[in-house]
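Coordinates in review
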Amino acid sequence: LPSIIFAMFGAKYAGKHGSKKATITWTWVALIVTAVTFAFCAVVDMRQINILGEGGNIVIAAIFLVLLLAGNGSKMCVTTANGAMRADIVDYEMDRSGKYLPAVVTATYNFIDQLVTSLGATIATFSVAAIGYVDSLPQPTDAATPAIKWMALALYFGLPILGWICTIFAMKSYHLDKAEMINVQKRIADK
């Protein structure tokens, strides 16, 4: 339910401000919230997040839950803005070349998305091996070592932060803002 609410909010924001501004804005929000969550997890004893078990702390668990909710919500808004951006690219290509290519744009996006996603298992495998697990994987019964904590934080929070930094730099070259898309729509309607 929270994801659906954030998706609707993100779509409304993208419609009002354009997909470029929405992508940049929500990428910054996601990056900042994720960095704060990373810092929070780095300084607390994460075993205190477990409120059902021994040693749990309701305040730490509540802060963690709010941070995760905000992070997931901002990621949903980025995803919604990206969907709107793909539609803008289809319209721009229609205006530029006269060719309607939604399947090509979607297939290219999905190919790159699947390629990056498929690297996740490889990155996780090398990361686990780098902290000394060569014959087995970390188990829930293993001691919570600093190496496991930092590796998990780097993978869960650090890699998305790197991706969002790349997005922010890539958006500097993206010129299809709301004003340009209004012009594109006018030119398409005239044709």
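Just above sits the structure.
Residues numbered from 1 in each chain as written. Predicted model: local features only at pLDDT ≥ 70, side-chain atom pairs only at ≥ 80, totals over all residues. Heavy atoms only, no water.

The subject of this paragraph is the overall build of the chain. From N to C terminus, the chain includes 6 helices and 0 strands. From first element to last, N terminus to C terminus, the chain shows the α and β order α-α-α-α-α-α. For the chain, whose C-alpha radius of gyration is 21 Å, the value lies well above the compact-globule estimate of 16 Å for 191 residues. With respect to the three principal axes, the spread of C-alpha positions in the chain is 70 × 35 × 25 Å. Across the 191 residues in the chain, those meeting the buried criterion constitute 27%. For the chain, the share of sequence-separated contacts (at least 6 apart) that also reach a separation of at least 24 residues comes to 70%. Total accessible area on the chain stands at roughly 12,000 Å², and carbon and sulfur atoms take up 69% of it. (Helix = DSSP H or I, 4+ residues; strand = E, 2+ residues; numbered from the N terminus. Rg over C-alpha atoms; globule rule 2.2 N^0.38 Å. Buried < 20%, exposed > 50% of the residue type's maximum accessible area, 1.4 Å probe, protein only. Contact = heavy atoms within 4.5 Å. Areas by Shrake-Rupley, 256 points an atom, 1.4 Å probe, with all protein chains shown as cover.)

Another point: the side chain of Thr 37. Positionally, Thr 37 belongs in helix α2 (residues 19-43). Within polar-contact distance, the side chain of Thr 37 engages the backbone oxygen of Val 33 at 2.8 Å. Setting aside its immediate chain neighbours within four residues, Thr 37 contacts Leu 67 and Phe 157. (Polar contact = N/O pair within 3.5 Å; in protein donor to acceptor, adjacent residues only side chain to side chain.)

Residues Leu 119, Ile 123, Leu 159, Leu 162, Ile 165 and Phe 169 make up a contiguous nonpolar surface patch of roughly 540 Å² in combined accessible area. Elements with a contribution of two residues or more to the nonpolar patch: α4 (102-130) and α5 (146-171). The biggest single contributor to the nonpolar patch is α5, with 4 residues. Along the chain, Phe 169 falls in helix α5. (Patch = residues over 30% accessible without salt bridge, like charges linked within 9 Å, V, L, I, M, F, W, Y side chains within 5 Å. Salt bridge = Lys/Arg side-chain N within 4 Å of Asp/Glu carboxyl O.)

Under the counting rule described, the total for this entry stands at 5 salt bridges. A salt bridge links Lys 191 to Asp 95; its shortest N-O distance comes to 3.2 Å. Here the residue Lys 191 occupies a position in the segment after α6 (178-190), and Asp 95 occupies one in helix α3 (residues 58-97), the gap between them amounting to 96 residues.

A few words now on the environment of Gly 132. With respect to the secondary-structure elements, Gly 132 resides in the loop between α4 and α5. Taking the relative accessible area as the measure of exposure, Gly 132 reaches 53% and is therefore exposed. As for Gly 132 and Ile 51, which are separated by 81 residues in sequence, their C-alpha atoms are 30 Å apart.

Another point: the packing of α4 against α5. As a packed pair, α4 and α5 sit with axes 10 Å apart at the nearest point and diverge in direction by 150 degrees. One element, α4, and the other, α5, form an angle in the roughly antiparallel class. Like other packed secondary-structure pairs, α4 and α5 cross with a definite hand, here right-handed. Contacts between α4 and α5 pair Ile 123, Ala 124, Ser 127 and Val 128 from the former with Met 151, Leu 155 and Leu 159 from the latter. Among the residues making up the contact of α4 with α5, the classes are represented as 6 nonpolar, 1 polar and no charged. (Axes fitted to C-alpha atoms, helices over the stretch in contact; angles between N-to-C directions. Parallel < 35°, antiparallel > 145°, perpendicular 65-115°, else oblique. Left-handed = near helix turned anticlockwise from the far one by under 90°. Nonpolar A, V, L, I, M, F, W, Y, C, P; charged D, E, K, R; others polar.)

Further remarks concern the nonpolar core. Tyr 13, Ala 14, Ala 22, Trp 26, Ala 30, Leu 31, Cys 77, Val 78, Ala 81, Ile 161, Trp 164 and Ile 168 together form the largest nonpolar core, which totals 12 residues. For this core, the element with the highest residue contribution is α2, accounting for 4 residues. If near-sequence neighbours (up to four positions away) are discounted, Ile 161 is found in contact with Leu 31, Thr 34 and Ala 35. With 9 residues, the next largest nonpolar core counts Cys 41, Ile 60, Leu 153 and Phe 157 among its residues. (Core = buried A, V, L, I, M, F, W, Y, C linked by side-chain atoms within 4.5 Å.)

Between its first and last C-alpha, α3 extends 58 Å over 40 residues, near the 58 Å set by a 1.5 Å rise per residue. A positive backbone phi angle near 85 degrees is found at Gly 98, which sits one or two residues after α3. (Expected span 1.5 Å × (residues − 1).)

Two elements in contact, α3 and α4, have axes separated by 9 Å at closest approach and are oriented at 140 degrees. One finds that α3 runs oblique with respect to α4. In this structure, α3 meets α4 at a crossing whose hand is right-handed. Judged by residue contacts, Asn 82, Arg 86, Ile 89 and Val 90 of α3 engage Pro 102, Val 105 and Tyr 109 from α4. Each residue belonging to the contact of α3 with α4 can be placed in one class, and the counts come to 5 nonpolar, 1 polar and 1 charged.

From the geometry alone we can't say anything about function, so treat these as descriptive.
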